[in-house]
Amino acid sequence: MSPRRVRRRPDPAPPPSGPEQIESWPDGDWVIRLVPGAVSVKAYRCPGCDQEIPAGMPHLVAWPSLNPGPAERRHWHRPCWHRRMQRRPGRRVGR
Ligand SMILES: [Zn+2]
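A brief look at the structure comes next. On a predicted model such as this, the values are computed, not experimentally measured, just so you know.

**A word on the overall build of the protein chain**
Inference 1: Tallying secondary structure elements over the protein chain gives 1 helix and 6 strands in all.
Inference 2: Along the chain direction, N to C, the helices and strands of the protein chain fall in the order β-β-β-β-β-β-α.
Inference 3: Evaluated residue by residue, the protein chain yields a buried proportion of 11% over its 95 residues.
Inference 4: In the protein chain, 43% of the contacts between residues at least 6 apart in sequence involve partners at least 24 apart.

The structure is reproduced here in C-alpha cells:
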C-alpha cells in the first residue's frame with residue numbers, strides 16, 4: 001500500500017509587475033503600471049506611435065483613474081507615454 005502523494009501547489013505568485021502609481025496629466029489622473037518584459041507575453045499596439053510593442057518588451061499600461069476597466073487600458077512604450085502630451089491632437093506629422 002503506497003501512500004498517496006498529495007502535493008499542494010504553492011500559492012501562485014502574483015505577476016511581478018510594478019506597483020500601480022497615479023500620474024496627474026492635463027487630461028486627468030492616470031493609473032500607470034510598468035510591465036517588465038518577462039511578463040509581457042503578447043504584442044500590443046502603442047497608441048502613441050501606432051507601432052507594435054512586441055512580446056517581451058518592457059512597457060507600461062495606463063488607464064484613467066476615474067474610469068478603470070479592462071477596456072480602458074492602453075499599452076504604451078514608455079517613451080511614448082511620456083511624450084504623449086507633446087502630440088497635438090488633430091495634427092499629424094508627415095504627408
Ligand atoms: Zn510607442
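**Digging into the sheet that holds strand E6 (residues 74-76)**
Inference 1: Here we have 4 strands laid out as an open sheet, ordered E1-E2-E5-E6, and antiparallel in their pairing. At either end of the open sheet lies a strand with only one pairing partner, and these are strand E1 (21-25) and E6. For this sheet, the mean inter-axis angle between neighbouring strands, taken without regard to orientation, is 35°.
Inference 2: Pairing analysis gives 3 bridges linking strand E5 (residues 59-64) to E6, with the strands arranged antiparallel.

**Here we look at the nonpolar core**
Inference 1: With 7 residues, the main nonpolar core is built from Val 35, Cys 46, Ile 53, Leu 60, Ala 62, Trp 76 and Trp 81.
Inference 2: Contacts of Ile 53, omitting those with residues within four sequence positions, involve Ala 43, Tyr 44, Cys 46, His 59, His 75 and His 77.

Conventions we followed
In this numbering scheme, every chain counts its residues from 1 along its sequence in written order. Given that the model is predicted, a residue must reach a pLDDT of at least 70 before its local features are reported, and side-chain atom pairs must reach 80 or more before they are shown or counted; all residues, however, enter totals for whole chains, interfaces and linings. Elements are defined by DSSP. Helices are runs of H or I of four residues or more, strands are runs of E of two residues or more, and each kind is numbered from the N terminus. Put plainly, a residue is buried at 20 or more neighbouring C-beta atoms within 10 Å of its own, exposed at 12 or fewer, and partly exposed in between, counting only other residues' C-beta atoms, which are placed from the backbone. Working definition of a contact: two residues with C-beta atoms, positioned from the backbone, lying within 7 Å. Here a strand pair is declared whenever DSSP counts at least two bridges between the two strands. In this description, a line fitted to the C-alpha atoms serves as the axis of each element, helices being fitted only across the stretch in contact, and the angle between N-to-C directions of two axes falls anywhere from 0 to 180 degrees. For the purposes of this analysis, a nonpolar core is taken to be any set of buried Ala, Val, Leu, Ile, Met, Phe, Trp, Tyr and Cys residues that are connected through C-beta atoms within 7 Å.

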